[in-house]
Amino acid sequence: MPGPERRRQLLDVGRALFAENGFAATSVEEIAASAGVSKPVVYEHFGGKQGLHAVVVDREMHRLLDRFETALSAPGHPRELLERAALVLLEYIEQDTDGFRVLVRDAPVTSGAGSFGSLLGEVARKVEHVLAREFAPRGHRPELAGLYSQALVGMVALAGQWWLDTRSPGKHEVAAHLVNLAYNGLAHLEPHPGALDVRATVR
């Protein structure tokens, strides 16, 4: 098998095994056996299990981030953009389940690969620009758009992890409910919210 083709095969095999077993429980022997090659072939292409895992994670992160960039760069109403972004994640979970499992599962502490958290940070920065455009005309502080974007992206990501196993209701309904909570919450934001006096409420 030509080198590039073998490399793609090992990436696909590694992706499936890391998704099913996690990084720690997957061995080079298992990867080699599943690919029908000897262990030295894995080392030749990736330097070992950790190198293979890093490339798998990097490939999945770019794949998902490209989809988010396409969804958020297209013109549209802010509510529409939020729904597109939610659907990007849900469709990725549906169509690339192994990739999503790799992103959210365990990773070696010494890995130079990105993490699901760093991916969400990138997405949140893109959402931040959408929110900042809408905040100022409505009397809200644009510098707080980053806080709200982190909260929104975190909400969608956690709901996505829950949906990974439930798959019910359908992705379009899940996206609609997420945007209902997010957008209607944003529509009724107080410009200057005050903290509750927790001591007074628990008496």
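Every value quoted in this text rests on a predicted model; they were computed, and no experiment measured them. (Residues numbered from 1 in each chain as written. Predicted model: local features only at pLDDT ≥ 70, side-chain atom pairs only at ≥ 80, totals over all residues. Heavy atoms only, no water.)

With that settled, the discussion passes to the overall build of the chain. Looking only at helices and strands, one finds 10 helices and 0 strands in the chain. For the chain, the sequential pattern of α-helices and β-strands runs α-α-α-α-α-α-α-α-α-α. For the C-alpha atoms alone, the extent of the chain along its principal axes is close to 65 × 45 × 35 Å. Nonlocal contacts in the chain, meaning residues at least 24 apart in sequence, comprise 68% of its contacts between residues at least 6 apart. Summed over all atoms, the accessible surface of the chain reaches about 10900 Å², with 55% contributed by carbon and sulfur. Distance from the positive charge centre (22 side chains) to the negative charge centre (25 side chains) of the chain: 2 Å. (Helix = DSSP H or I, 4+ residues; strand = E, 2+ residues; numbered from the N terminus. Contact = heavy atoms within 4.5 Å. Areas by Shrake-Rupley, 256 points an atom, 1.4 Å probe, with all protein chains shown as cover. Lys, Arg positive; Asp, Glu negative; His and termini not counted. Charge placed at Lys NZ, Arg CZ, Asp CG, Glu CD.)

With respect to the secondary-structure elements, E30 resides in helix α2 (residues 28-35). Placed 16 residues apart in sequence, E30 and G14 show a C-alpha to C-alpha distance of 9.3 Å. Reaching out from E30, the side chain makes a polar contact with the side chain of N21 at a distance of 3.3 Å. (Polar contact = N/O pair within 3.5 Å; in protein donor to acceptor, adjacent residues only side chain to side chain.)

On to the side chain of T97, then. Inspection of the secondary structure assignment puts T97 in helix α6 (residues 97-104). At 2.6 Å, the side chain of T97 forms a polar contact with the backbone oxygen of I93. Those residues in contact with T97 that lie beyond four places of it in its chain are Y92, L164 and R167.

We now examine the layout of surface pockets. Approximately 200 Å³ is the volume attributed to the largest pocket. If you go around the largest pocket, the residues you meet are P78, L82, L131, E134, F135, R138, H140, Y183, L186, A187 and L189. Only α5 (78-95), α7 (116-135) and α9 (171-187) provide two or more residues apiece to the lining of the largest pocket. Its residues assigned to classes, the lining of the largest pocket comprises 8 nonpolar, 1 polar and 2 charged. (1 Å grid on protein atoms, 1.4 Å probe; cavity = no way out; pocket = protein on both sides within 12 Å on 5 of 7 lines; lining within 4 Å. Points joined across faces, edges and corners; volume = space filled by probe spheres on them. Nonpolar A, V, L, I, M, F, W, Y, C, P; charged D, E, K, R; others polar.)

A few words now on the pattern of salt bridges. Pairing between side chains becomes possible if they bear opposite charge and their charged atoms approach one another. A complete count under the given rule lists 14 salt bridges for this structure. E60 serves as the salt-bridge partner of R15, at 2.8 Å between the closest nitrogen and oxygen. On the criterion of sequence distance, the pair formed by R15 in helix α1 (residues 3-21) and E60 in helix α4 (residues 49-73) is long-range, its members being 45 residues apart. Taken as a pair, R15 and E60 share a single burial class, namely buried. Through salt bridges with shared partners, a single ionic network connects R15, E60, R63, R67 and D96. (Salt bridge = Lys/Arg side-chain N within 4 Å of Asp/Glu carboxyl O. Buried < 20%, exposed > 50% of the residue type's maximum accessible area, 1.4 Å probe, protein only.)

These values are about where atoms sit, not about what they do.
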